[in-house]
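Reading the structure
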Amino acid sequence: MNVVCLGATKGMGRALARAMAERGDALFLLGRDDDDLKRSARDLEVRGAQGTVHTAYCDLGDSETFSAALVDAERALGTVDTVVVTAGQFAPQDDLEEDAPRLREMLAVNFTNTVLFCERARKTALKSGGTLCVFSSVAGERGRTPVVLYGASKAGLTRYLEGLDHRYRRAGLRVVTVKPGFVRTSMTDGLPAPPFAGEPDQVARIVLRAIDRGTPVVYAPGPWRHIMAIVRALPRSFMRRASF
Amino acid sequence: MSQRSTISGWGGHSVEGCEIRAENLSAAANGAALSRGLGRSYGDSSLPPDDCPIALNTTLADRILEFDQATGRLRAEAGLSLADMNRLLMPRGWFTPVSPGTQYVTLGGMVAADIHGKNQHLAGNFGHHVTKLRMQVADGRILECDSEQHADLFFGTIGGMGLTGHILEVECALERIPSPWIWQETQRIPNIDEFQVALEEAAPQWPYTVGWIDCVSRGSALGRGILMCGRWATADEAPKRVPPRRLRPRLTFDFPGWALGPWTVRAFNELYFRKQWRPTLRGIVHPESFFYPLDVLREWHRMYGTRGFTQYQCVLPHTDESGARKTGSARRVLDVLTTLGGASFLAVIKDFGQNGVGVLSFPRPGITLALDIPIRANTQALIDALNQVVIEEGGRIYLAKDSFTRRRDFERMDSRVHDFNALRDTWDPQRRFRSAQSVRLLGDLPRTNQADLGGHP
Ligand SMILES: Cc1cc2nc3c(=O)[nH]c(=O)nc-3n(C[C@H](O)[C@H](O)[C@H](O)COP(=O)(O)OP(=O)(O)OC[C@H]3O[C@@H](n4cnc5c(N)ncnc54)[C@H](O)[C@@H]3O)c2cc1C
Ligand SMILES: NC(=O)c1ccc[n+]([C@@H]2O[C@H](COP(=O)([O-])OP(=O)(O)OC[C@H]3O[C@@H](n4cnc5c(N)ncnc54)[C@H](OP(=O)(O)O)[C@@H]3O)[C@@H](O)[C@H]2O)c1
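We now turn to the structure provided with this report. If you're wondering where the values come from, they're calculated on a predicted model, not measured in any experiment.

Our focus in this paragraph is the overall build of chain A. Each helix and strand in chain A was counted, giving nine helices and seven strands. Computed over C-alpha atoms, the radius of gyration of chain A comes to 17 Å, within 12% of the 18 Å expected from 2.2 N^0.38 for 244 residues, which places it in the range of a compact globule. Overall, chain A is about 55 × 35 × 30 Å in size when its C-alpha atoms are taken along their principal axes. When contacts within chain A are restricted to residue pairs at least 6 apart in sequence, those whose partners lie at least 24 apart make up 70%. For chain A, the accessible surface area stands at approximately 11,000 Å², while carbon and sulfur atoms represent 51% of it. When the 34 positive and 28 negative side-chain charges of chain A are each reduced to one mean point, those points stand 8 Å apart.

What follows concerns the interface of chain A and chain B. The interface is formed by 20 residues belonging to chain A together with 21 residues belonging to chain B. Taking both partners together, chain A and chain B bury about 1,700 Å²; carbon and sulfur atoms supply 39% of that area. Taken as a group, Arg 39, Val 46 and Asp 189 of chain A account for 35% of the area that chain A buries against chain B, more than any other trio of residues on that side. The interface formed by chain A and chain B includes seven salt bridges. Here Arg 39 of chain A ties to Glu 77 of chain B by a salt bridge, and the two come within 2.8 Å at their closest N and O atoms. Applying the counting criterion to the chain A and chain B interface returns 14 residue pairs in polar contact (both at pLDDT 80 or more). Contributing elements (two or more residues each) for the side of chain A that touches chain B: helix 1 (11-22) and helix 2 (34-46) of chain A.

All names here are of chain B. Lining the immediate surroundings of ligand 1 are 35 residues, of which Ser 35, Gly 37, Arg 40, Ser 41 and Thr 106 lie closest. Gly 39 places a polar main-chain atom, nitrogen or oxygen, 2.9 Å from an oxygen atom of ligand 1. At 2.6 Å from an oxygen atom of ligand 1 is found a side-chain nitrogen or oxygen belonging to Ser 41. Taken by itself ligand 1 offers 960 Å² of open surface, and the protein chains cover 96% of this. Elements with a minimum of two residues in the shell around ligand 1: strand 3 (34-36), helix 3 (107-112) and strand 10 (166-173). Partitioning the shell around ligand 1 into residue classes produces 16 nonpolar, 16 polar and three charged.

So, about the sheet that holds strand 1 (residues 2-6) of chain A. Residue and element names in this part refer to chain A. Strand order in the open sheet formed by seven strands is 3-2-1-4-5-6-7, and the pairing between neighbours is parallel. Each having just a single partner strand, strand 3 (54-57) and strand 7 (217-220) make up the two edges of the open sheet. Taken pair by pair, the neighbouring strands of this sheet meet at an average axis angle of 20 degrees, ignoring direction. As paired elements, strand 1 and strand 4 (residues 82-85) share four bridges and run parallel to each other. In the sheet register, Val 4 faces strand 4, and the bridge partner there is Val 83. Packing against the sheet, helix 3 (residues 66-77) makes contact with strand 1, strand 2 (26-31) and strand 3, and its axis sits at approximately 165 degrees to strand 2. Contacts from helix 7 (residues 200-213) reach strand 4, strand 5 (130-135), strand 6 (173-180) and strand 7 within the one sheet, and its direction differs from that of strand 6 by about 160 degrees.

All names here are of chain A. The full set close to ligand 2 counts 27 residues, and Thr 9, Met 12, Arg 32, Tyr 150 and Thr 185 are the nearest of them. A distance of 2.6 Å separates an oxygen atom of ligand 2 from a polar atom in the side chain of Tyr 150. In this structure, an oxygen atom belonging to ligand 2 sits 2.9 Å away from a side-chain N or O atom of Lys 154. Here ligand 2, which alone exposes 900 Å², has 93% of that area covered by the protein. Counting only elements with at least two residues in the shell around ligand 2, the list comes to helix 1 and helix 6 (148-168). Along the lines of polarity and charge, the residues of the shell around ligand 2 split into ten nonpolar, twelve polar and five charged.

Two quantities define a packed helix pair, namely the angle between the helix axes and the distance between the axes. Residue and element names in this part refer to chain B. Two elements in contact, helix 6 (residues 192-202) and helix 9 (residues 329-339), have axes separated by 8 Å at closest approach and are oriented at 140 degrees. For the element pair helix 6 / helix 9, the angle class is oblique. Taken as a pair, helix 6 and helix 9 cross one another with a handedness that is right-handed. Contact residues: helix 6 offers Ile 192, Asp 193 and Gln 196, while helix 9 offers Ser 329, Ala 330, Arg 331 and Leu 334. Tallied by class, the residues present in the contact of helix 6 with helix 9 amount to three nonpolar, two polar and two charged.

This brings us to the sheet that holds strand 4 (residues 54-57) of chain B. Residue and element names in this part refer to chain B. One open sheet accounts for four strands, arranged 1-2-4-3; its pairing is mixed. This sheet does not close on itself; its edge strands, each paired only once, are strand 1 (5-8) and strand 3. Taking each pair of neighbouring strands and ignoring which way they run, the sheet shows an average axis angle of 60 degrees. Pairing analysis gives four bridges linking strand 1 to strand 2 (residues 14-21), with the strands arranged antiparallel. Directly across from Ser 8, in strand 2, lies its bridge partner Ser 14.

Further remarks concern the packing of aromatic side chains. All names here are of chain B. Scanning all chains against the criterion turns up 15 aromatic pairs over all chains. Judged by centre distance (5.9 Å) and plane angle (40 degrees), the rings of Phe 291 and Tyr 292 are tilted. Judged by its relative accessible area of 1%, Tyr 292 falls in the buried class. On the basis of an interplanar angle of 10 degrees and a centroid distance of 4.7 Å, the ring pair of Phe 362 and Tyr 398 is categorised as stacked. Taken together, the residues Phe 362 in the loop between strand 17 (347-352) and strand 18 (366-374) and Tyr 398 in the loop between strand 19 (396-397) and helix 11 (407-413) connect sequence positions 36 residues apart. Classification of Phe 362 as buried rests on a relative accessible area of 3%. An aromatic cluster of three or more residues is present, and its members are Phe 95, Tyr 208, Trp 232, Phe 290, Phe 291 and Tyr 292. Taking the ring centre of Phe 290 as reference, the NZ or CZ of Lys 118 above it sits at 5.5 Å.

Within soluble globular proteins, side chains that are nonpolar generally end up buried alongside one another. Residues Phe 126, Leu 133, Ile 213, Tyr 312 and Leu 371 of chain B are the most contacted members of the largest nonpolar core, which totals 96 residues. Broken down by element, this core gets its largest block of residues, six residues, from helix 10 (residues 379-393) of chain B. When neighbours within four sequence positions are excluded, Leu 371 of chain B is seen to be in contact with Cys 215, Thr 310, Gln 311, Tyr 312, Val 333, Leu 334, Leu 337, Ser 344, Leu 346, Ala 347 and Leu 386 of chain B. Counting 32 residues, the second-largest nonpolar core is a separate cluster that includes Leu 6, Leu 30, Leu 77 and Ala 125 of chain A.

Cis peptide bonds are those with omega within 30 degrees of zero, and the linkage from Ala 220 of chain A to Pro 221 of chain A qualifies with -15 degrees. Its location among the elements puts Pro 221 of chain A in the loop between strand 7 and helix 8 (223-233).

Attention shifts here to the pattern of salt bridges. Going through the model one piece at a time under the given rule, you end up with 54 salt bridges over all chains. Note that Asp 43 of chain A and Arg 18 of chain A form a salt bridge whose closest N and O atoms lie 2.9 Å from each other. Of the two residues, Asp 43 of chain A sits in helix 2 while Arg 18 of chain A sits in helix 1, which places them 25 residues apart along the sequence. Judged by its relative accessible area of 1%, Asp 43 of chain A is buried. Look at Arg 18 of chain A and you get buried, because its relative accessible area is 8%. Salt bridges sharing common partners tie together Asp 36 and Arg 39 of chain A together with Arg 63, Glu 66, Arg 73, Arg 75, Glu 77, Arg 134, Glu 144, Glu 169 and Glu 171 of chain B.

Here is what the cut-offs are and how they apply
- Residues numbered from 1 in each chain as written.
- Chains lettered and ligands numbered in written order.
- Predicted model: local features only at pLDDT ≥ 70, side-chain atom pairs only at ≥ 80, totals over all residues.
- Heavy atoms only, no water.
- Helix = DSSP H or I, 4+ residues; strand = E, 2+ residues; numbered from the N terminus.
- Rg over C-alpha atoms; globule rule 2.2 N^0.38 Å.
- Contact = heavy atoms within 4.5 Å.
- Areas by Shrake-Rupley, 256 points an atom, 1.4 Å probe, with all protein chains shown as cover.
- Lys, Arg positive; Asp, Glu negative; His and termini not counted.
- Charge placed at Lys NZ, Arg CZ, Asp CG, Glu CD.
- Buried area = accessible area lost by both parts, 1.4 Å probe.
- Salt bridge = Lys/Arg side-chain N within 4 Å of Asp/Glu carboxyl O.
- Polar contact = N/O pair within 3.5 Å; in protein donor to acceptor, adjacent residues only side chain to side chain.
- Near = heavy atom within 4 Å.
- Nonpolar A, V, L, I, M, F, W, Y, C, P; charged D, E, K, R; others polar.
- Pairing = 2+ DSSP bridges.
- Axes fitted to C-alpha atoms, helices over the stretch in contact; angles between N-to-C directions.
- Parallel < 35°, antiparallel > 145°, perpendicular 65-115°, else oblique.
- Left-handed = near helix turned anticlockwise from the far one by under 90°.
- Phe/Tyr/Trp six-rings, centres within 6.5 Å; stacked < 30°, edge-to-face > 60°.
- Buried < 20%, exposed > 50% of the residue type's maximum accessible area, 1.4 Å probe, protein only.
- Lys NZ or Arg CZ within 6 Å of the ring centre and 35° of its normal.
- Core = buried A, V, L, I, M, F, W, Y, C linked by side-chain atoms within 4.5 Å.

In structure tokens form, the structure reads like this:
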């Protein structure tokens, strides 16, 4: 499988890229820090990625960088089977409420620019079909007091991905929406971990299986599917009083 | 940054504090009193001091940066675990030149404790195979050091228990192996004195040797046990498959206090000794059962109940100052242990062949004993008594396993501590790098006024 990854330098993106490397997939990394991308590329090569792992500059904060990055990726890989987007940003609700520029950036990165990136990928690297796997979040399922703004960005993204899957699956584009629950990465470092908190490697195994099968929506770790089924069913009056 | 909670060493010793986890260590290091890896050191060596309760957890910094399949040279970030190295590189014919008894350790921890393994008599410690380190030191600089460049920092860091700076990257030479399987021979040994002899006899013939001893039996059977010798199986002898992954159930609860009372320990020791029903057994074994028998049960230390346990490991020289042969030293340690009733579930014996390269490296030629000691009311008295024997025998203790030794005793057995502190005066005069252990043992003061230190590291 030939895969383009945006966000493989850290967290779940790193774990997923490693799982792919270990089974011999060919990888191309996109990101915003050249040196760091190269270090990740060497790691993935040693872990078994096919051939050289090349990299290109792509900042999810700047949509002007998307085209060239995807062209580079296509050129290096020949055909692209899968595009994975794990890049994203998180900040606590209080911080986002106080800091307008940071809020603007988070909304742009998690929603507008992720959508623009996916549109670009759909029209270029994945024009003859393939899999687009994007990390949204369980935070987008309900409006919840501790994650109003971040949750909204992910809710918008989830709906976009759902529509995209409906519209283009028959034409050969398989969209896989990943909704992680709480996963221990540097993004969540310092936050109190709830029960069923997961590890990146565990998520990677689940997501890789979903990519191979073309599962449209996947919760990871597994129990979050059931937790979210309950949360989705809770009445508004309850959600207003709840602190989670 | 993490919330305040507790940070624990292996065996249950813990402090109030928090850990910072990040992929980019140098960017996250600000404010941390020391780095820690997978927390497999017993006691308090990986715990920050009370007055600066922040540790930098390195486990997300685990990328392999270079690996040369032809020469076995490896460069990786300090948080890479030995378990990952084994999983990835053993099937390709490469293994760590020195392995501890668990694979859930990081490269940084292997360097900082200058760990030793079953091949110490032949290969020395892990530090013997480290060629370069990338460090972040107290003034915030990032430096490469090796045996020529900043050599004092390099040799201070090997075995330096995290007190010279944050190790960011490690470069080392791996060992080529003919197959990933082990040819093992085990032998029953009747008592401790014969054990010392048997280890010495096995040393020239086997790359890996270690003994398990029964510390419950007394008198003529004191220190009876099983000697395990191993070497890599040749390609012809070895099964053609890669060793399968082994299931590792997790112990999810603490055993009640009585579960490891004297009777259960006695029964375990008896069974373990009898399990080997023939004087000698030989054959091919899984590398994990040879190197990491305790990893089979994750969090097995919870068998010791909520009070936890400590380890005690010392090395006693083979010869006295004049070079004359000494005998009976291991027996003295076991005598104290059995007299004071420190029923040890697991005791390991091994001969060391050489000194470490680090300023504070633990190993030196001699015999080493590692004892598991469940924590009881008299544990302090027991460790004090064991330390008296070690001082009289001219030996020393392993910092990675200590939480009870008194500073006065430590200085009497290890005068190198002065050289080590002199080195820290050069690299870290303000003692930004400290651990709960260094405050207890190396004379580091709790810091009363943090304000005058500025932001770094
Ligand atoms: C079952 C078991 C068997 C063992 N067998 C052996 C054995 O056979 N031989 C042996 O030598 N040891 C053995 N040990 C001890 C273990 O190998 C060492 O304590 C090792 O240091 C643990 O590595 P870690 O990554 O968990 O480090 P930690 O326990 O987290 O830290 C250990 C020390 O290393 C320092 N450190 C860690 N990472 C860094 C870094 N990046 N930069 C600077 N300092 C750092 C810490 O500050 C601390 O002082 C055993 C431990 C267990 C639990
Ligand atoms: N962790 C959780 O509990 C959790 C829960 C639900 C959903 N999620 C979502 O899952 C995804 C992955 O989370 P994670 O925890 O693995 O995150 P992470 O560890 O913080 O990693 C995020 C990755 O995204 C990259 N990135 C961030 N902003 C970027 C930008 N502007 N341009 C390019 N790359 C950028 C980062 O690259 P750099 O190295 O350049 O920083 C990094 O590789 C995110 O979308 C997150 O919102 C996470």
